[in-house]
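Here is what each chain is made of, one letter per residue.
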Amino acid sequence: MVTLMVLAWSAAQPTRAQDAGNDVVLIRDATILTASHGRIDRGSILIRDGKIAAVGASVDAPGTATVIDASGLFVTPGIIDCHSHMAVEGGVNEGSISVSSMVGTDDVLDSTDIDLYRAVAGGVTTANILHGSANAIGGRNAVIKLRWGKDADDLRFEGALPGIKFALGENPKRSNSSARPGTERRYPATRMGVVDVIRQAFTEAVEYRAKWRRYEAGGRSGVPPARDLRLETLVEVLEGERLVHAHAYRADEILQLLRVAEELGFKIATFQHVLEGYKVADEIAEHGAGASTFSDWWAYKVEAFDAIPYNAALMTERGVVVSINSDSAEEVRHLNQEAAKAIKYGDLSEEQALQLVTLNPARQLRIDARVGSIDEGKDADLVLWKNHPLSVYGVAQKVYIDGQLYFDREKDLAQRTAREKEKQELLAKARAREDADKEKAAPKRPTVETTTSRVPKEQQP
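Every chain's residues receive numbers from 1 upward, in the order its sequence appears when written. Selection of residues for local features in this predicted model requires a pLDDT of at least 70, selection of side-chain atom pairs for listing and counting requires 80 or more, and totals for whole chains, interfaces and linings are taken over all residues. Side-chain measures here rest on the full set of heavy atoms in the structure, leaving out hydrogens and waters.

(A) Looking closely at the overall build of the protein. Numbering goes from the N terminus for both helices and strands, where a helix is a DSSP run of H or I of at least four residues and a strand is a run of E of at least two. When helices and strands are tallied, the protein shows 12 helices and 17 strands. Burial classification: accessible surface area is computed with a 1.4 Å probe over protein chains only, and a residue below 20% of its type maximum counts as buried, one above 50% as exposed, and the rest as partly exposed. Each of the 461 residues in the protein was classed as buried or not, and the buried ones make up 50%. Counting only carbon and sulfur atoms, one obtains 50% of the accessible surface of the protein, whose full area is about 22000 Å². For the protein, the distance from the average position of its 58 positive side-chain charges to the average position of its 67 negative side-chain charges is 4 Å. Surface exposure here means Shrake-Rupley accessible area, sampled with a 1.4 Å probe, where a residue is shielded only by the protein chains that are shown. Counting rule applied: Lys, Arg positive; Asp, Glu negative; His and chain ends not counted. A single reference atom marks each charge: NZ on Lys, CZ on Arg, CG on Asp, CD on Glu.

Next comes the structure, spelled out in structure tokens:
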């Protein structure tokens, strides 16, 4: 079976990243939606060495540049998903304990996950790969670029601030799961307990930091404090060196965590899901937290019943930096359409809606100096669309990351027949090999040899 899976996977691989062959590329005559300074009709973008060298209505390019005629097409920044679990090898929850800040998705990135390619085909170029929500304080995250075909190291977004997942509500108190037979139910079991876990962990982190500061102040003489990787991560949060992304739904719990964070001296970077954020948008904005929510998901659990599709727009109006995320390997393929719903529900402008999946998640992840909009000097993470990207007819045609072409719809379509043929041939070989192995391993049926001799009729009794 393993052989079968490997062969099938190999046959299903789309074209890997293609070098441009020329470090200078000119995309010309496109409708450019910059996400930062409006729309440019019949504009051009010059890419040099993986960066946006120029953008505008008139752009000079060297004669050696590779020219992409984008007339009739739209160009946007690459889409950024602020909540994803793609490319995680194995489970996303280290749910055996309530504080798992010593583990991280960065250690288990799977660069061969086909979901990466499918996301790129939907125009996604960057994603925040989060730990699950089984713990009050979960594991560390990984911000990646979707450089399909590269190895795990090359997926990492160089220089992005590290983060960590927190969770409130039903998931960390395990109200929807039961303990395994023979084991005790894990603490906490109530919303009170969730807050206690966070407060206790940070109390320990403050003491841990104080021990190290005393050791450093004493000239590092004597025996150093024992390292605690669980608390070291939380000290980074206290020092502002690690971003907190907190899974939360209800308004009361959002306020609860804001108060605990301010009491203990750290910041919340984003509330994730935050379906009741519209009720406490002023408090979220005052703290300086962002909000990464769904467009119109509703009532899939008790704490999601007060969700409304106007949430993103209402929070935006109150000054919160809002993004729309997927939390799904399927949803990530059409985040452009999810963002567009904020135009219908909340009357956001075209640029505001586009920012929900480009510039705003970049701000939330503190990578907006590099990505999120089409501005000179930023990474050339760009998507060429047929039809307006904020319509149901918008389809990504080409996707560039760092100026390299990682998805080309025309080539993808052209190669599908050949890939399917190769896949079926490999699967047939694998099945034949598997059948042969089964036959070889099957126990032999016992045989009985008998001899028959005809007794003459006259000698029969």
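(B) Layout of helix α12 (residues 409-441). What a helix should span is 1.5 Å times the count of its residues minus one. The end-to-end C-alpha distance of α12 is 46 Å, a good match for the 48 Å that 33 residues give at a rise of 1.5 Å each. Approximately 40° is the largest bend angle found in α12, and it occurs at arginine 416. Looking only at α12, the buried set comprises Asp412, Arg419, Leu426, Leu427 and Ala430. Backbone nitrogen of glutamate 410 and a side-chain oxygen of the N-cap are separated by 3.0 Å at the start of α12; the cap is aspartate 408. The term bend refers to the angle at a residue between two fitted axes, each drawn through seven residues, those ending there and those starting there. Two N or O atoms form a polar contact when they lie within 3.5 Å of each other; inside protein one atom must be a possible hydrogen donor and the other a possible acceptor, and for residues adjacent in sequence the pair counts only when both atoms belong to side chains.

(C) Quick peek at the sheet that holds strand β10 (residues 163-167). Strand pairing is defined by DSSP finding a minimum of two bridges between the two strands. The six strands lie next to each other as β8-β10-β11-β12-β13-β14, forming an open sheet whose pairing is mixed. Taken across any chain shown, the strands that pair with only one partner, and hence form the sheet edges, are β8 (137-140) and β14 (322-324). Put simply, the sheet's adjacent strands are angled 25° from each other on average, direction ignored. Bridge count for β10 against strand β11 (residues 243-248) is five bridges, and the pairing is parallel. Counted as the bridge partner of phenylalanine 166 is alanine 246 from β11. In this description, contact between two residues means that some pair of their heavy atoms is separated by no more than 4.5 Å. Between the N-to-C directions of two axes lies an angle of 0 to 180 degrees, each axis being a line fitted to C-alpha atoms and, for a helix, fitted only over the stretch in contact. Docked against the sheet, helix α5 (residues 229-238) engages β8, β10 and β11, running at close to 100° with respect to β10.

(D) Molecular detail of helix α9 (residues 335-344). Buried within α9 we find Leu335, Asn336, Glu338, Ala339, Ala340 and Ala342. Residues of α9 that are buried sit in contact with β6 (79-84), β14, α10 (350-355) and β15 (382-386). Once α9 finishes, glycine 346 follows within two positions and takes phi at roughly 125°, a positive value.

(E) Here's a closer look at a nonpolar patch on the surface. A residue counts toward a patch only above 30% relative accessible area and without a salt bridge, and it is joined to like-charged neighbours within 9 Å or, for Val, Leu, Ile, Met, Phe, Trp and Tyr, to nonpolar neighbours within 5 Å. Within this document, salt bridges are pairs made up of a side-chain nitrogen of Lys or Arg and a carboxyl oxygen of Asp or Glu, the two lying within 4 Å of each other. Together, Trp298, Val302 and Phe305 give the surface a local cluster of nonpolar side chains, amounting to about 370 Å² of exposed area. In this fold, phenylalanine 305 is placed in the loop between β13 (290-293) and α8 (311-317).

(F) Summary view of the sheet that holds strand β9 (residues 142-145). Strand order in the open sheet formed by three strands is β6-β7-β9, with mixed pairing between adjacent strands. Each edge of the sheet is formed by a strand with only one pairing partner; in this case those strands are β6 and β9. If you compare each strand with its neighbour and ignore which way they point, the axes differ by 15° on average. Of the strand pairs in this sheet, β6 and strand β7 (residues 124-129) are connected by four bridges, and their pairing is parallel. Looking at the pairing, serine 84 lines up with isoleucine 129 of β7.

(G) Highlighting the packing of helix α4 (residues 191-217) against α5. For the pair α4 and α5, interaxial distance at closest approach is 9 Å and the crossing angle is 90°. Classed by the angle they form, the pair α4 and α5 counts as roughly perpendicular. In this structure, α4 contributes Ala201, Phe202, Glu204, Ala205, Val206, Tyr208 and Arg209 to the contact, and α5 contributes Arg230, Leu231, Glu232, Leu234, Val235, Val237 and Leu238. A breakdown of the residues in the contact of α4 with α5 according to their chemical character gives 10 nonpolar, no polar and four charged. For classification purposes, an angle smaller than 35 degrees is called roughly parallel, one larger than 145 roughly antiparallel, one from 65 to 115 roughly perpendicular, and anything else oblique. Polar here means any residue other than Ala, Val, Leu, Ile, Met, Phe, Trp, Tyr, Cys and Pro, which are nonpolar, and Asp, Glu, Lys and Arg, which are charged; Gly is therefore polar.

The values reported here are purely geometric and, on their own, carry no functional implication.
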